[in-house]
Amino acid sequence: MITTTSTQRAVPKHPGPVHRKGSRARVLLASVFGPYAQDDEYGGRRINPMELYHNQVTRVQGGFSLRIFHRSWGLMMIQCNINARCNLLDFPTLQRFEQELIDNDYDIVGIGSILVNVGKVKKMCELIRKHRPNATIVIGGHIANLPDLHKRIEADHIVRGEGVRWFRRFLGEDENQPLRHPVVLTPVNMRALGVNVPNSPGETSATLIPSVGCPLGCNFCSTSAMFGGKGKFIDFYESGDELFEILCGLERESKAVSFFVMDENFLLLRKRALRLLELMKQHNKPWVFYLFASANVLKQYTMEQLVDLGVSWIWMGLEGKDSQYGKLAGIDAKAMVRELQSHGIRVLGSTIIGLENHTLSNIGEAIEYAVDYGTDFHQFMLYTPLPGTPLHADLQSKGLIVDEKECELAEIHGQHKFNYRHPHIKGGEETEILLNAFRRDFEVNGPSLVRMIRTMLTGYQRHKNHPDPRVRARFKWEVTGLPTAHMAVVAGAARYYRRRDPPMYRKIESLRRDLIAEFGLKAWLVSAIGGRYVSFALKREIKRLAAGETLEPPTFYERNYELDANGQKGPVPTMCRYVSLGGRSVPVSAC
């Protein structure tokens, strides 16, 4: 059930307003409009594309950068958890959003957004008032952390925090009914080295959302602030039994055996995680998990438990050298990263640039310290006080937050400039420092995709003869692509570096030879043929990027109800799917 029992978790406030039509209302949910990777009049920025990796992880890796989009999971979660008729328009163009308002008579229009897209949300609200003046406008997502948002846009309700409960209350529905979980594949239009990666059934991961919020409450964390701050979070599935049932449903409906866990610290609830592991063993589930975890939480598990649980990829906050954050206190994080990688667990490390103690004289050392982790992927972010966070409140009280004329809201995304006065780094210097961190990591450690393949091979060689057949099956599934697609990536990368960077070439060539030694003739043939193809595609991709071309996600249009005999005017949305506790994947019935 959604209902929470721990006093450490956020609890809903008073019931609040109820729409006059209740569940008879027609609802439209939408993300902000695109295109996204361009400078525009609504605050869009070319430097801030709608791509998590290419934006802030593999940012300077050019043709080697991992290109991937992710759906608006929060909106999808709301859509499949209300009984009112609801259409979802994800990644629309401005024209497509406006046409949807013209063609359909909506009673409620909800928009989900992050802070930087205030200008786009403002424009969407204006269009709603123009075409559907009687519709109730609801705004949610991280943008709701902005204290004066109500003065910037014309909306009826600004919802800060968890949206499913709010919408259920607003529609007069039971907010405590079991949570339905959307069936959604994690990647959208994945691309690497100029090659599109298909979403093949059984090979693509599904998304699992067990909770929202983060109880650790780092002072810069907007997610923690959005859901109640330090010590607060909302747990959708409290027990390992509930999680197991949802995972079985996702596996059945999507054919996925790997899951991207959208939870700020999934392993924090150790009892739940170990119960899930118990059920996985009992039912012989060789599932794979990609998740977020802090170092202090990982220390609560043995490496055997992590391997048995199927932990394959971890996003870990490393923050910076001499970081004062409690999640790293007393932990040799570098040793932890290396041990994880030795078991085939890929690590995405996250480092902050511009901590209070960073100066022009020591920032180089801080960057080298981060690069020395040798993580498979590495995110670098500027220390950014986002509105609504304790860090922002602290710096604002000290008069250090700069005026929006100096740093617009559209610039506060952590990949360009400070929105405050740093004690040691002048405004404008941080941009090049950040880029230098990305460049140095790429220069020393090479393409992230190649690093990832090395870690996968290491894990497979270590555990391919594991005594538990379930664990062996999991590693066998994970390396399905090593002698084929991944081999082609490594061979193409070796060709690229052969004359450009001999030391990096030797490093990659060693991996290529190790793959052939492990997988034999198939890997050798793919290296010879596939390597040439990838090399050609990579060169083409580099030229495309140099010409300034960008990628945009496709538009998704989905409904949560069956169409009546008269159908629907305009484009017909596809049916969304969900899984629920004690039931199969079915659409919400029409009201």
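Details of the structure are given in the entry above.
Everything numeric here is computed off the predicted structure, so don't read it as measured data.

Caption draft 1: Molecular detail of the packing of aromatic side chains. All told, the structure shown has 24 aromatic pairs when counted by the stated rule. Seen in terms of ring centroids, Phe292 and Trp315 are 5.3 Å apart; in terms of plane orientation they differ by 25 degrees. Their pairing is stacked. Within this pair, whereas Phe292 is found in strand β14 (residues 288–292), its partner Trp315 is found in strand β15 (residues 311–319), the two being separated by 23 residues in sequence. As far as the burial class goes, Phe292 and Trp315 line up, both buried. Of the aromatic side chains, those joined through ring pairs into one cluster are Trp73, Phe260, Phe292, Trp313 and Trp315. Here the basic side chain of Arg26 rests over the ring of Tyr106, its NZ or CZ set 5.7 Å away from the ring centre.

Caption draft 2: Spotlight on the sheet that holds strand β19 (residues 574–575). Judged by pairing direction, the sheet is mixed, and its seven strands sit side by side in the order β6-β5-β4-β1-β3-β18-β19 without closing on themselves. The open sheet has two edge strands with one neighbour each: β6 (157–159) and β19. In terms of strand pairing, strand β4 (residues 108–112) meets strand β5 (residues 136–140) through five bridges, oriented parallel. Within β5, the residue paired with Ile108 across the bridge is Thr136. Where helix α4 (residues 118–131) meets the sheet, its contacts fall on β1 (26–31), β4 and β5, and the angle it forms with β5 comes to roughly 165 degrees.

Caption draft 3: Highlighting the layout of surface pockets. Taken as a whole, the largest pocket holds about 1200 Å³ of empty space. Every residue lining the largest pocket is counted, 41 residues in all, and those nearest its centre are Met190, Val197, Glu203, Met452 and His486. Considered class by class, the residues forming the lining of the largest pocket number 26 nonpolar, 12 polar and three charged.

Caption draft 4: Seen up close, helix α3 (residues 94–103). All of the buried residues in α3 are Leu94, Arg96, Phe97, Glu100 and Leu101. The elements touched by buried residues of α3 are β1, β3 (85–90), β4, α4 and β18 (556–559).

Caption draft 5: View of the sheet that holds strand β2 (residues 67–69). Across the sheet, which stays open at both edges, the three strands sit in the order β2-β8-β9 with antiparallel pairing between neighbours. Looking at the sheet topology across the chains shown, the edges are occupied by β2 and β9 (195–196). Of the pairings in the sheet, the one linking strand β8 (residues 188–192) to β9 comprises two bridges and is antiparallel in character. Bridge pairing in β9 links Ala192 to Val195. In this fold helix α20 (residues 521–546) packs onto β2, β8 and β9, with an angle of close to 70 degrees to the strand it touches most, β2.

Caption draft 6: Broad picture of the nonpolar core. Of all hydrophobic cores here, the largest spans 118 residues; its most connected members are Phe167, Leu267 and Leu340. Residues in contact with Leu267, not counting those within four places in the same chain, are Ala273, Leu291, Ala293, Val297, Leu298, Tyr301, Leu306 and Leu309. Counting 34 residues, the second-largest nonpolar core is a separate cluster that includes Leu28, Leu89, Leu94 and Ile128.

Caption draft 7: Just the pattern of salt bridges, in detail. Counted according to the given criterion, the structure contains 39 salt bridges. Of the charged contacts in the structure, one is a salt bridge between Glu404 and Arg152, with a shortest N-O distance of 2.3 Å. Taken together, the positions of Glu404 in the loop between α14 (390–397) and α15 (429–445) and Arg152 in helix α5 (residues 149–152) put the pair 252 residues apart, joining distant regions of the chain. The partner of Glu541 in a salt bridge is Arg191, and the shortest N-O contact between them spans 2.7 Å. With Glu541 in helix α20 and Arg191 in strand β8, the pair connects residues that are 350 residues apart, well separated along the chain.

Caption draft 8: Examining unusual backbone geometry more closely. With an omega of 5 degrees, the peptide bond between Gly34 and Pro35 qualifies as cis. Looking at the element boundaries, Pro35 is found in the loop between β1 and α1 (52–56). Here Leu193, not a glycine, exhibits a phi torsion of approximately 50 degrees, which is positive. A relative accessible area of 1% means that Leu193 is categorised as buried. A positive phi angle, near 55 degrees, is found at Asn284, a position not held by glycine. Along the polypeptide, Asn284 turns up in the loop between α9 (270–282) and β14.

Cut-offs and rules
- Chains are numbered independently. Their residues run from 1 in the order of the written sequence.
- Given that the model is predicted, a residue must reach a pLDDT of at least 70 before its local features are reported, and side-chain atom pairs must reach 80 or more before they are shown or counted; all residues, however, enter totals for whole chains, interfaces and linings.
- Note that water and hydrogens are dropped before the side-chain values are worked out from all heavy atoms of the structure.
- The rule is short: rings of Phe, Tyr and Trp, with Trp giving its six-membered ring, pair when the centres are within 6.5 Å, and they are stacked under 30 degrees, edge-to-face over 60, tilted in between.
- Strands are runs of DSSP state E lasting at least two residues, helices are runs of H or I lasting at least four, and both sets are numbered from the N terminus onward.
- When accessible area is computed with a 1.4 Å probe and restricted to protein chains, residues below 20% of their type maximum are described as buried, those above 50% as exposed, and intermediate ones as partly exposed.
- We count a charge as sitting over a ring when the NZ of a lysine or the CZ of an arginine lies within 6 Å of the ring centre and within 35 degrees of the ring normal.
- Here, any two strands with at least 2 DSSP bridges between them count as paired.
- Only heavy atoms enter the contact rule, under which two residues are in contact if any of them lie within 4.5 Å.
- Between N-to-C directions, angles span 0 to 180 degrees; the directions come from axes that are lines fitted to C-alpha atoms, helices contributing only their stretch in contact.
- Put simply, the grid is 1 Å and covers the protein atoms alone, a cavity is a trapped set of points that fit a 1.4 Å probe, a pocket is an open set with protein on both sides within 12 Å along at least five of seven lines, and lining residues have an atom within 4 Å of a point.
- Grid points are joined across faces, edges and corners, and a volume is the space filled by probe spheres set on the points.
- Three classes are used, and their members are as follows: Ala, Val, Leu, Ile, Met, Phe, Trp, Tyr, Cys and Pro are nonpolar, Asp, Glu, Lys and Arg are charged, and the others, Gly among them, are polar.
- What makes a nonpolar core is a set of buried Ala, Val, Leu, Ile, Met, Phe, Trp, Tyr and Cys residues whose side-chain atoms join them at distances within 4.5 Å.
- Put simply, a salt bridge is a Lys or Arg side-chain nitrogen that is within 4 Å of an Asp or Glu carboxyl oxygen.

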